2 protein chains.
Amino acid sequence: MTQMDYARRGQATPQMEAVARKEGIPLKVLIDKVARGAVAIPANINHKSLDPEGVGEGLRTKINVNLGISRDCLNYDNELEKVDLALKLGAEAIMDLSSYGNTREFRRKVAEISPAMLGTVPMYDAIGFLEKDLENITVDEFFKVVEAHAEDGVDFMTIHAGMNRKTAERFKKNPRLMNIVSRGGSLLFAWMELTGNENPFYEHYDRLLDLLHKYDVTISLGDACRPGCINDATDAVQIEELITLGELTRAAWDKNVQVIVEGPGHMALDEIAANMKLQKKLCHGAPFYVLGPLVTDIAPGYDHITSAIGGAIAASAGADFLCYVTPAEHLRLPALEDVKEGIIASRIAAHAADVVKGVPGAREWDRRMSDARQKLDWETQFKEAIDPEKARAYRTSSAHDGQTCTMCGKICAVQTINKALAGERVSFK
Amino acid sequence: MTQMDYARRGQATPQMEAVARKEGIPLKVLIDKVARGAVAIPANINHKSLDPEGVGEGLRTKINVNLGISRDCLNYDNELEKVDLALKLGAEAIMDLSSYGNTREFRRKVAEISPAMLGTVPMYDAIGFLEKDLENITVDEFFKVVEAHAEDGVDFMTIHAGMNRKTAERFKKNPRLMNIVSRGGSLLFAWMELTGNENPFYEHYDRLLDLLHKYDVTISLGDACRPGCINDATDAVQIEELITLGELTRAAWDKNVQVIVEGPGHMALDEIAANMKLQKKLCHGAPFYVLGPLVTDIAPGYDHITSAIGGAIAASAGADFLCYVTPAEHLRLPALEDVKEGIIASRIAAHAADVVKGVPGAREWDRRMSDARQKLDWETQFKEAIDPEKARAYRTSSAHDGQTCTMCGKICAVQTINKALAGERVSFK
């Protein structure tokens, strides 16, 4: 039985209870959302260490951290340090994108220690470590990998089932500047081209759903055709796939498999809100998980910022789940410091959106900070800061008089106004 | 004669010619915009090194870098290094906010070497170096400082003329969490409270305009009541002042003095577009210069990001000029590395907006980058990056195979698709 099975029978689960408590919403309301598919609670029955989170309508915007071992970065300890950092900095999800080496051991280790939801993209694992030509990978091999991930306790899996022959046709008819930039999507497209077969996850979607249902794995419907540059955004290819993802959403719900839908990508700022609306309509209110969107292509080294801009707008227009982007995006696998910058930028975007969404408690956080600022209460400002260590380090790095900071010094506006309102003299002697 | 005088007579100036050329728009169109006040070309007749820029309707979004000596940071060389960095990184404006020490010598030095427009806030200088009680500063002293700045070649001056007795009354009647966070505004408010007098720049506005006209100084109407936290945004106090700024805009235009209007501040994401519209209406289409807006209060240490989010939205909704915010905001005077982070974040926001505004050439930049990405042409990617040094450093810091990067390695989507579309085998051996 999946969370959706229970919800549709009106039964609460411990996971639903935990989520309702964390979000500060009535359990009944949550059960209804899970039953409708408006909220997913990714919770693999084998993920024993999970502290469950809900993703979707009216809930706090969640963030995901990507990490994993690859051919070029085979240091398991490094990647485990990223897991620790992600947990410490409050990420609600970790995607293990390992594509090389002893992926199973690493994945099991993460599932064992991580209370955050665990996601994977089985295609990477299917292809990453195989020493064979792409066209020789069989349908059964693809499914074997999915089953292994399910057994290991993965809570949600990105599966590019919408990259079917029809989407591929649209892609060939509608030229794009960056073609397909989704790793999983590009591999499936190439496999389809080389074998002449239909996408195995699309062709055998029922088999896939049965497998996912068994472990209550949430399917995260991958957007193989997400735009890889602002030029390609909101084009025929992207929307064709989104329509299919909407159909696949309903098919999954018909089997009580929970769904998340993935989205762009790179996209000019003024297209984001329309895309969020489109996804919510075409995918029947399913939770939306976005990578970015990056609002410009020209800032490699700063794509945590380009994506924080897009992510904040996306989430305030309805996206439920943000995949972090680090400053290393487009340039290298992120190092630990990149992971940190990416997480904080993503949490800022999520919180800025939660303020707008009216998520319980969101505005109160800003209010507590502002109250401390007005009182020039620096310790409380540090405590309320999204990164207390960095805030403290900044302030202590420059000499100050204890009350004000070196930005304004003696002409500190807060101090001046506090004195003026108290009827005190304002002197600069 | 000011730029506006000339424009209203239909006469082109060398400054207008330079701006029209840079922006790629017809000179006649620009002259009309300057005549209407929709574009300002801040160009003090004494700023001989100026390479003029236009700020306003339909033009590229400009950015400003704040710097200056203060009681706590009296190192002139440090501040001059910031000037060099700002120029190197393409800032169109520099505001010298010096408030202590030998401000005149520093200001003249900046005017001498800076082709970027130069702005100041005379209030800081009036008060910063005076060793007297605030209430003892005379109206003539305020004006003496303005005249000194004008003589020195300052192109635009922030003057909080809207913080008059009426605005002060609104402020007292409508409690705010952060009160007044504008330095200049707080000082004028305190001066008014202590002396019982009207704001000297409001009371003697005509005298001020005559002075500014003489040197063609653009008045940047300061928003003393900009919200200092998201709680205070779009409140009665802010809007009261904005109405007054609209009246002052018209009064300045009546004397052919160019105008820029300043805006928020801290503001939840969903209020930004409405505020841009409100300013453009109430201020009759005058150029809008925004500080932020910061979309949340909780991220000291990362306010270049919170303001890049708000700035990108603001500029794409009509703001013309962004004041940079550094990671040091709220914590200390920025160091050189903070200035760099702030400038890049601000330029990203401005460019993301220019893409949306349809500014000539904006989308082409993204296209060139995407084209290089699709070809895995790394040298061109570095060349087109907003920070070529950082992009190159990231890539060269991790071992790669020359074609792909360590993010995806052998499963690089771009490589896979290029091969698949060329009908080549895709092998991971």
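What you are looking at is a predicted structure, and each value in this text was computed from that prediction instead of being measured.

Reading guide: rules and limits
Residues numbered from 1 in each chain as written. Chains lettered and ligands numbered in written order. Predicted model: local features only at pLDDT ≥ 70, side-chain atom pairs only at ≥ 80, totals over all residues. Heavy atoms only, no water. pLDDT = per-residue confidence, 0-100. Helix = DSSP H or I, 4+ residues; strand = E, 2+ residues; numbered from the N terminus. Buried < 20%, exposed > 50% of the residue type's maximum accessible area, 1.4 Å probe, protein only. Contact = heavy atoms within 4.5 Å. Polar contact = N/O pair within 3.5 Å; in protein donor to acceptor, adjacent residues only side chain to side chain. Pairing = 2+ DSSP bridges. Buried area = accessible area lost by both parts, 1.4 Å probe. Salt bridge = Lys/Arg side-chain N within 4 Å of Asp/Glu carboxyl O. Domains from an automatic or database assignment. Least-squares fit on C-alpha atoms with pLDDT ≥ 70 in both. Axes fitted to C-alpha atoms, helices over the stretch in contact; angles between N-to-C directions.

(A) Highlighting the confidence of the model for chain A. Mean pLDDT over chain A stands at 95; residues scoring 70 or higher make up 99%. Interface confidence for the predicted complex, expressed as ipTM, amounts to 0.97; the pTM equals 0.97.

(B) Fine view of the environment of Glu240 of chain B. Residues and elements named next belong to chain B. One can find Glu240 in helix H12 (residues 236-254). Here Glu240 falls in the buried class, since its relative accessible area comes to 10%. The spacing of Glu240 and Pro264 is 24 residues in sequence and 14 Å in space, taken between C-alpha atoms. Once residues within four sequence positions are removed from consideration, Glu240 is found in contact with Lys166, Thr167 and Arg170. A polar contact of 2.5 Å, which involves the side chain of Glu240, links it to the side chain of Arg170.

(C) Highlighting the pairing of strand S3 (residues 62-67) of chain B. Residues and elements named next belong to chain B. A large share of S3 lies buried, amounting to 6 of its 6 residues. Judged by which residues are buried, S3 turns out to be covered on both faces: Lys62, Asn64 and Asn66 on one side and Ile63, Val65 and Leu67 on the other are all buried. In this structure, S3 lies alongside strand S10 (residues 321-323), joined through 3 bridges in parallel fashion. Among the inter-strand pairings, Ile63 is bridged to a residue of S10, identified as Leu322. Two elements, S3 and strand S4 (residues 93-96), share 4 bridges in a ladder whose sense is parallel.

(D) How the structure looks around the interface of chain B and chain A. Counting from both sides, the interface comprises 115 residues of chain B and, opposite them, 114 residues of chain A. Buried area between chain B and chain A, both sides added, is near 9700 Å², and the carbon and sulfur share of it is 65%. Its largest share of buried area at the contact with chain A, chain B owes to Ile298, Tyr302 and Tyr394 of chain B, together 8% of the area lost on that side. Among the salt bridges present, the one from Glu271 of chain B reaches Arg363 of chain A, with a minimum N-O distance of 3.7 Å. The tally of links from chain B across to chain A stands at 28 residue pairs in polar contact (both at pLDDT 80 or more). Those elements that provide at least two residues to the side of chain B that touches chain A are helix H6 (122-128), helix H9 (183-195), helix H14 (303-316), helix H15 (336-357), helix H16 (362-374), helix H17 (378-384), helix H18 (388-396) and helix H19 (413-421) of chain B.

(E) Broad picture of unusual backbone geometry. For the bond from Gly292 of chain A to Pro293 of chain A, the omega torsion is -10 degrees, close enough to zero to count as cis. Here Pro293 of chain A is to be found in the loop between strand S9 (288-291) and helix H14 (303-316). Non-glycine residue Thr234 of chain B carries a positive phi angle of around 55 degrees. You can see Thr234 of chain B is positioned in the loop between strand S7 (218-221) and H12. With relative accessibility at 34%, the residue Thr234 of chain B sits in the partly exposed group. Although it is not a glycine, Leu376 of chain B adopts a positive phi angle of roughly 50 degrees. Checked against the element boundaries, Leu376 of chain B lands in the loop between H16 and H17.

(F) Region of the structure containing the domain arrangement of chain A. Residues and elements named next belong to chain A. The assigned domain composition of chain A is domain 1 (3-357) and domain 2 (362-421). Each of domain 1 and domain 2 has a C-alpha centre, and the two are 38 Å apart. Facing the 9 residues of domain 1 at the interface are 8 residues of domain 2. Approximately 740 Å² of surface area, both sides summed, lies buried where domain 1 meets domain 2, with 58% of it carried by carbon and sulfur atoms. A per-residue breakdown of the area domain 1 buries against domain 2 is headed by Arg347, His351 and Val355, which together make up 55% of the total. Where Asp387 meets Lys340, a salt bridge forms, and the shortest distance between an N and an O atom there is 2.8 Å. Across the contact surface, domain 1 and domain 2 share 2 residue pairs in polar contact (both at pLDDT 80 or more).

(G) Spatial organisation of the relation of the copies chain B and chain A. If you rotate chain B by 180 degrees and push it 0.0 Å along the axis, it lands on chain A with an RMSD of 0.0 Å. Expressed as an axis order, the relation between the two copies is that of a two-fold axis. Scanning chain B for the C-alpha nearest the rotation axis identifies Ile309 of chain B, at a separation of 2.2 Å.

(H) Just the sheet that holds strand S5 (residues 117-120) of chain A, in detail. Residue and element names in this part refer to chain A. Pairing in this closed barrel of 8 strands is parallel, and the strands run S3-S4-S5-S6-S7-S8-S9-S10 around the ring. The mean angle between the axes of side-by-side strands here comes to 25 degrees, regardless of whether they run parallel or antiparallel. Sheet topology places strand S4 (residues 93-96) next to S5; 4 bridges connect them, and they run parallel. Within S5, the residue paired with Met95 across the bridge is Gly119. Relative to the sheet, helix H5 (residues 103-113) contacts strand S3 (62-67), S4 and S5, its axis offset from that of S5 by approximately 160 degrees. Here helix H13 (residues 272-282) sits on the sheet in contact with strand S8 (259-263) and S9, set at roughly 145 degrees to S9.

(I) Up close: the pairing of S7 of chain B. Residue and element names in this part refer to chain B. Here S7 shows no split at all, with Thr218 and Ser220 on one side and Ile219 and Leu221 on the other all buried. With 4 bridges connecting them, strand S6 (residues 156-159) and S7 associate as parallel partners. Counted as the bridge partner of Ile159 is Leu221 from S7. Across 3 bridges, the pairing between S7 and strand S8 (residues 259-263) is parallel. Residue Ser220 lies in a different strand from S8, and its bridge partner there is Ile260.

(J) Expanded view of the sheet that holds S10 of chain B. All names here are of chain B. With parallel pairing, the 8 strands of this closed barrel are ordered in space as S3-S4-S5-S6-S7-S8-S9-S10. Adjacent strand axes in the sheet meet at a mean angle of 25 degrees, parallel and antiparallel pairs treated alike. In the packing of helix H5 (residues 103-113) onto the sheet, the strands contacted are S3, S4 and strand S5 (117-120), and the crossing angle to S5 comes to about 160 degrees. Helix H13 (residues 272-282) rests against S8 and strand S9 (288-291) of the sheet, and its axis sits at about 145 degrees to S9.

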